[in-house]
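Below, each chain spelled out in residue letters.
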Amino acid sequence: MLEELQRLEPFRAEVRGWLAANLPSDWRRRMLGASEADHVAFQEWWFGKLMAAGYGAPHWPAEWGGSGFSFAQQIVLYEEIARAGAPRLIHYFVALHHVPGTLLHWGTHAQRERHLPAVLSGKEIWCQGFSEPNAGSDLASLRTRAVRDGDHYVVNGQKTWSSNAHHAQFCLLLARTDPAASKSRGISYFILDMKTPGITLRPIKQMTGASHFNEIFLDDVRIPAENLVGPENEGWKVAQSTLSSERGLSILELAERMKQGFALLLADARVPGPDGVPYDDAETRRRLVDIHVRIEALRVLVNNQLGAVLRGEALGVAPSIVKLYYSDLLRDFTRLGASIRGIESQHLEDVLMGGPNETGYWMQDYLYSWAWTISGGSSEIQRNIIAERGLGLPREPAAA
Amino acid sequence: MDFELSEDQHALVSALQAILEDHSQIPQSARFDSHWCDTDLQAQLEDMGFLDAAREIGGLEGALVVYETARVIGAVETIGRGLVAPIACPGLELSGPVALARRDGLHLAIRNLPIARMLLIEDGADVLVLDLADGVVEPVETILAYPYGRFAAPPVLDDARRFVGAGEAMRKWWRVGLAAEIAGAASAAIDFTVDYVRTRKAFGRPIGAFQSVQHRLVQRHGYAKAAYYLAMRAAWSGTASDAQVAACHAQSGLKELLFDLHQFNGGMGMTNEHLLHFWIYRARALQAEAGGPTRAALAIAAARWDDGLSEPEERHLSMARS
Ligand SMILES: Cc1cc2nc3c(=O)[nH]c(=O)nc-3n(C[C@H](O)[C@H](O)[C@H](O)COP(=O)(O)OP(=O)(O)OC[C@H]3O[C@@H](n4cnc5c(N)ncnc54)[C@H](O)[C@@H]3O)c2cc1C
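Everything numeric here is computed off the predicted structure, so don't read it as measured data.

**Here's the deal with the sheet that holds strand β7 (residues 161–163) of chain B**
Residue and element names in this part refer to chain B. Strand order in this open sheet of 4 strands is β1-β3-β4-β7, and the pairing throughout is mixed. One side of each edge strand has no neighbouring strand; the edge strands of this open sheet are β1 (98–102) and β7. Across the sheet, the axes of successive neighbouring strands diverge by a mean angle of 25 degrees, strand direction being ignored. Looking at chain direction, strand β3 (residues 118–123) and strand β4 (residues 126–131) are connected through 6 bridges and run antiparallel. If you follow L119 over to β4, its bridge partner there is L130.

Rendered as structure tokens:
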């Protein structure tokens, strides 16, 4: 892997140069506490710039408008984006990762033609409608129903925690089409146009004050049959493609960003407190080193996972190990941030829209870090996976 | 970088593992001892050239030998003979185990001293090499998993050879070796415990089916994996800072590791009828030698941030808030 990356040094220099010339140096100031509208406008603008430079969809195949970059090139690009402290394209996360990850594998040609170019134009935003009030970790127990009615499916039920649904034109939806089949067998996968009559959205206010996700109520919502993705009743398999698409290089970007975010933590420890003494005592130093060392451990774990991808090997439980390590570490990292300057760092400040997970507004970062041990498969679920498939421990007995 | 082994490294590890497989059993006579030196294995590693890997191939290969041999039940000396001495003291002729000590620690019980032919002494910027004559070392009774010994009388250093400027390399590769050996002992102890919880039953099912057991083992497994990769990265890069990070991380996870593994072996884990203690006491001994996680952390802080708590590589960042 190292040699491959070394060959890409000219590409790295090109990306670094481009970022230096194009990333507005004041973006953090502009996006701190920005309105939703300004945030969306800025994300659209930045995505457009990246697309024009050929960096917006590095993992998409060239035939669908992506850069068609090699995996090694993508590694370099994400490292440089993280290193430059550029905004995260959070507004496009589902559209850029889940949509191609699903449609390129399972979608019809018509579905791809309809949606993939639209996503890259920057105008089509997507959300994910998997979780329900009574189906989170145990997603296969979902109850939203879809009943075939001529050339449509009629959907009734409720989704929740749907990130960015308030901006989305389309939703990746899971619904039950065969209630008689065993849990994961009777589920189908749909593209839902969010303008369809019968959809009601309710934003959910989070403990940080922001509203990032939503409840979606579905009352007699009619979805054309051509919006079915993959075969009827095989939506569970399709959903696995969706979920694995988020485990790609985003973790590399997050690990590299964390390394950058560490500089902010050090800066805070350096500032003298009310008594004029920096927060640079032995205990703080020990805690700082603990985070520093674990960031290095995270980076070797991530690199090893990427190396396996490059060699075309099966990943096994590596993504679970990395996700678990990252989310535990993020919580401890941001907790140290929120305590390092005493009460000073515990005020709830403005949100840095489109920022990394370590913005340096520690109380926000700390509270938001809790999302990482829950979303995308909770830490407990990851530990189950590693125990059973990695360590070969016996499965948990099924519920009676 | 990633740490997938090259073909040659794979070949080295496979050849070594084939030999180690023949040393996976402890002789009945040593079954209840607190430590057991596998002198046959020590001789085999020496004769077959495995302990020359660091000098003849590279530090990473030397560290792989340390890691793999730390996984077997019998103790062998590899850090001194296989890693520190060949790299820190080029040209020094080596044969047989090498013990390691600090100049200000010559009055202490020193690991491997009774079996060593030679002692490397870290002396500030330099390294002193002392040949050990018969009768100068007294064994020390210990429950730690290695042979320990003490000088019967303070050693005379007049005749010791001095390797000028080798002190930094000795400190660095000592750390790499300790990190690799702790990682090896940790992974072997985890494997041993995973086997145990798969077969030991309670309430009608293997105890490894209980989540509270599974999840803690997964945490320890993640620690051991990271410890291995960090040790290998340090051996590959040869930088002082990577060596510090590896040694600090390897020590930091031990408290939980020792507690959980003993816990999951139940009452058996408290006995020396069970083999767990061989690896556990190995890790304890290595940690004591490395100075403990707090000291390691403070040393990193001092090395990296003494010019005002900032990261050298990250000064380019214009991430100031507001
Ligand atoms: C910030 C954020 C954004 C999200 N965005 C979306 C989105 O866009 N679209 C979407 O569909 N969903 C989204 N989710 C939902 C997310 O997928 C679920 O929250 C997650 O699957 C957990 O489900 P739950 O919240 O119902 O928790 P539950 O499943 O009720 O779990 C509660 C607790 O029980 C534990 N638990 C559950 N099962 C087990 C078990 N077998 N063993 C041990 N412990 C167990 C869990 O680990 C957790 O600690 C988002 C969540 C968050 C936090």
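Now, onward.
**Points about the side chain of S379 of chain A**
Considering the arrangement of structural elements, one finds S379 of chain A in helix α13 (residues 379–390). Beyond its immediate stretch of four places on either side in the chain, S379 of chain A contacts L324, S327 and T373 of chain A.

**Remarks on the packing of aromatic side chains**
Residue and element names in this part refer to chain A. Counting across every chain of the model gives 19 aromatic pairs over all chains. The interplanar angle of 40 degrees and the centroid separation of 5.7 Å between the aromatic rings of W18 and W46 together place this pair among those described as tilted. Separated by 28 residues along the polypeptide, W18 in helix α2 (residues 9–22) and W46 in helix α4 (residues 36–53) bring together distant segments of the chain. The exposure classification of W18 matches that of W46, with both residues buried. Plain terms: the ring middles of F130 and Y189 are 5.9 Å apart, the flat faces sit at 85 degrees to each other, and that makes the pair edge-to-face. Residue F130 is located in the loop between β1 (126–129) and β2 (145–149), and its partner Y189 is located in strand β5 (residues 187–193); the two are separated by 59 residues in the primary sequence. Here F130 matches Y189 in class, with each residue buried.

**What about the domain arrangement of chain A?**
The parts lose accessible area when they come together, and the size of an interface is often stated as this lost area. Residues and elements named next belong to chain A. Here chain A is described as being made up of domain 1 (2–88), domain 2 (126–237) and domain 3 (249–390). Taking only C-alpha atoms into account, the centre of domain 2 sits 32 Å from that of domain 3. The partner domain 3 presents 7 residues to the 5 residues of domain 2 that form the contact. Taken together, the two surfaces of domain 2 and domain 3 that pack against each other cover about 500 Å², and 69% of this comes from carbon and sulfur. Summed over the three residues of domain 2 that lose the most area to domain 3, namely S137, M207 and T208, the buried surface amounts to 80% of that side. Where domain 2 packs against domain 3, one counts 0 salt bridges. Scanning the region where domain 2 abuts domain 3 turns up 0 residue pairs in polar contact (both at pLDDT 80 or more).

**What to know about the interface of chain A and chain B**
Listed per partner, the contact involves 56 residues of chain A and 48 residues of chain B. For the pairing of chain A and chain B, the buried interface totals around 4600 Å² over both sides, and the portion due to carbon and sulfur atoms is 65%. Counting the surface chain A buries against chain B, the share from its top three residues, R285, V300 and L391 of chain A, is 13%. Counting across the chain A and chain B interface gives 1 salt bridge. R233 of chain B serves as the salt-bridge partner of E296 of chain A, at 2.8 Å between the closest nitrogen and oxygen. Our count for the chain A to chain B interface comes out at 10 residue pairs in polar contact (both at pLDDT 80 or more). Among the secondary structure elements, those contributing two or more residues to the side of chain A that touches chain B are α3 (27–31), α9 (250–270), α10 (282–310), α11 (318–340) and α13 of chain A.

**Considerations on the pattern of salt bridges**
This model, assessed by the stated rule, comprises 43 salt bridges over all chains. Salt-bridge contacts for D131 of chain B lead to R161 of chain B; the nearest nitrogen and oxygen are separated by 3.1 Å. In this pair, D131 of chain B is assigned in strand β4 and R161 of chain B in strand β7, connecting sequence segments 30 residues apart. Through salt bridges with shared partners, one network takes in E256, K259, E296 and R299 of chain A together with R233 and D242 of chain B.

Quick notes on the rules
- Residues numbered from 1 in each chain as written.
- Chains lettered and ligands numbered in written order.
- Predicted model: local features only at pLDDT ≥ 70, side-chain atom pairs only at ≥ 80, totals over all residues.
- Heavy atoms only, no water.
- Pairing = 2+ DSSP bridges.
- Helix = DSSP H or I, 4+ residues; strand = E, 2+ residues; numbered from the N terminus.
- Axes fitted to C-alpha atoms, helices over the stretch in contact; angles between N-to-C directions.
- Contact = heavy atoms within 4.5 Å.
- Phe/Tyr/Trp six-rings, centres within 6.5 Å; stacked < 30°, edge-to-face > 60°.
- Buried < 20%, exposed > 50% of the residue type's maximum accessible area, 1.4 Å probe, protein only.
- Domains from an automatic or database assignment.
- Buried area = accessible area lost by both parts, 1.4 Å probe.
- Salt bridge = Lys/Arg side-chain N within 4 Å of Asp/Glu carboxyl O.
- Polar contact = N/O pair within 3.5 Å; in protein donor to acceptor, adjacent residues only side chain to side chain.

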